[in-house]
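Listed below, chain by chain, are the residues.
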Amino acid sequence: MLSAGGAIEMVKKVVSREVSNGYALVNPPGHHAPRAGAMGFCIFNNTSVAAAYAREELGLDRVAILDWDVHHGNGTQDIWWNDPSVLTISLHQHLCFPANSGFTTERGEGEGLGYNLNIPLPPGGGNAAYLYAMEKVVLPALRAYKPQLIIVGSGFDASMMDPLARMMVTASGFRQMARQVIDCAEEVCEGRIAFVQEGGYSPHYLPFCGQAVIEELTGVRTLADPYAEFLGGMGGDTLLDAERACVDDAAALLSGLR
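Residues numbered from 1 in each chain as written. Predicted model: local features only at pLDDT ≥ 70, side-chain atom pairs only at ≥ 80, totals over all residues. Heavy atoms only, no water.

1. Some thoughts on the overall build of the chain
- Helices and strands together make up the secondary structure of the chain, namely 8 helices and 6 strands.
- Across the chain, helices and strands are ordered from the amino to the carboxyl terminus as α-β-α-β-α-β-β-α-β-α-β-α-α-α.
- Here the chain has a C-alpha radius of gyration of 16 Å; the compact-globule value for 258 residues is 18 Å, and the two agree.
- Seen through its C-alpha atoms, the chain measures out along the principal axes to roughly 45 × 40 × 35 Å.
- By the burial criterion, 57% of the 258 residues in the chain qualify as buried. (Helix = DSSP H or I, 4+ residues; strand = E, 2+ residues; numbered from the N terminus. Rg over C-alpha atoms; globule rule 2.2 N^0.38 Å. Buried < 20%, exposed > 50% of the residue type's maximum accessible area, 1.4 Å probe, protein only.)

Below, the structure written as structure tokens:
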């Protein structure tokens, strides 16, 4: 309850402009929790609780949830499956968790058709794959939808050192993604953006990934990534053909947004 409440408080302060942006460093995460249950370390779906509060209590009409946790945001997808008032975008490792979930073809139903976007990347994707997905799918989707608030489900388990997945994003990659979505928020919703912590399980590297995102929110630089030189030569900065194809498949579905 404190985790979900922390997400609500963050959104309240961002929407009211009490703060210009913010990061809710909460635990447990939430994006696997569906409408009527708990799943995968998640009790309440924190980003969805905050989005619902923004809709029902703060009077917003359009909210976007961008989830870059390495696992598919199946719970968030379930909650907003039929509802076009919340655009859900999940950028994840294909078939990592849950099994048989997060396909590009899962797009919502009824009035919500087209407002659920999945970008399933093959295992091994690094900075290049994620930044290509941001360029070709995430940012165009946000610009087309024009939300009044962007909520980022900020998981760091796509990092190169995480034990629960097989992706290769570095702190630099998370920094660049954060910068892009922060700038997009300035463009489409007067900078109203709130980050909410999701997963991440490397005690050694997660702090530097989170620090990179918070530094972009605050404009303050502190410590350099001590792993950057070691991890930088492992291939994550090369976009592979299979990664490009997966992103292009997702980009082809953007015409459904309005």
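2. Concerning the packing of helix α5 (residues 171–188) against helix α6 (residues 206–218)
- At their nearest, the axes of α5 and α6 sit 8 Å apart, and the two run at 30° to each other. With respect to their mutual orientation, α5 and α6 come out roughly parallel. Relative to α6, α5 is oriented so that their crossing is right-handed. Where α5 abuts α6, its residues A171, F174, R175, A178, R179 and I182 lie against F208, C209, A212, V213, E215, E216 and L217.
- Among the residues making up the contact of α5 with α6, the classes are represented as 9 nonpolar, no polar and 4 charged. (Axes fitted to C-alpha atoms, helices over the stretch in contact; angles between N-to-C directions. Parallel < 35°, antiparallel > 145°, perpendicular 65-115°, else oblique. Left-handed = near helix turned anticlockwise from the far one by under 90°. Contact = heavy atoms within 4.5 Å. Nonpolar A, V, L, I, M, F, W, Y, C, P; charged D, E, K, R; others polar.)

3. Some thoughts on the layout of surface pockets
- What the largest pocket holds in volume is close to 200 Å³.
- Around the largest pocket, the lining comprises 17 residues; the ones closest to its centre are A171, S172, R175, D225 and A228.
- Residue assignment for the lining of the largest pocket shows that the elements contributing at least two residues are α5 and α6.
- Per-class residue counts for the lining of the largest pocket are 6 nonpolar, 6 polar and 5 charged. (1 Å grid on protein atoms, 1.4 Å probe; cavity = no way out; pocket = protein on both sides within 12 Å on 5 of 7 lines; lining within 4 Å. Points joined across faces, edges and corners; volume = space filled by probe spheres on them.)

4. A look at the sheet that holds strand β1 (residues 22–24)
- Spatially, β1-β6-β5-β2-β3-β4 is the arrangement adopted by the 6 strands of the open sheet, whose pairing is parallel. Each edge of the sheet is formed by a strand with only one pairing partner; in this case those strands are β1 and β4 (116–121). Between one strand axis and the next, the sheet turns by 15° as a mean value, whatever way the strands run.
- One ladder, built from 5 bridges, connects strand β2 (residues 63–67) with strand β3 (residues 86–93); its direction is parallel. Bridge pairing in β3 links D67 to S90. (Pairing = 2+ DSSP bridges.)

5. Brief notes about the pairing of β3
- With 8 of 8 residues buried, β3 lies mostly within the body of the structure.
- Pairing of β3 with β4, which is carried by 6 bridges, proceeds in the parallel orientation. Bridge pairing in β4 places L91 opposite I119.

6. Some details on the environment of T47
- As for its placement among the helices and strands, T47 is situated in helix α2 (residues 46–56).
- Under the relative-accessibility criterion, T47 is labelled buried at 1%.
- Apart from the residues lying within four places of it in its own chain, the contact partners of T47 are I65, T76, I151, G153, V196 and E198.

7. Let's talk about the pattern of salt bridges
- Tallied over the entire structure, the rule returns 10 salt bridges.
- When the shortest N-O distance is used, the salt bridge between K136 and E135 registers 4.0 Å.
- Looking at K136, the relative accessible area reads 34%, which means it is partly exposed.
- Judged by its relative accessible area of 47%, E135 is partly exposed.
- The salt bridge involving D183 is made with R179; its shortest N-O contact spans 3.1 Å. In this pair, D183 and R179 both sit in helix α5, 4 residues apart, roughly one turn of the helix. (Salt bridge = Lys/Arg side-chain N within 4 Å of Asp/Glu carboxyl O.)

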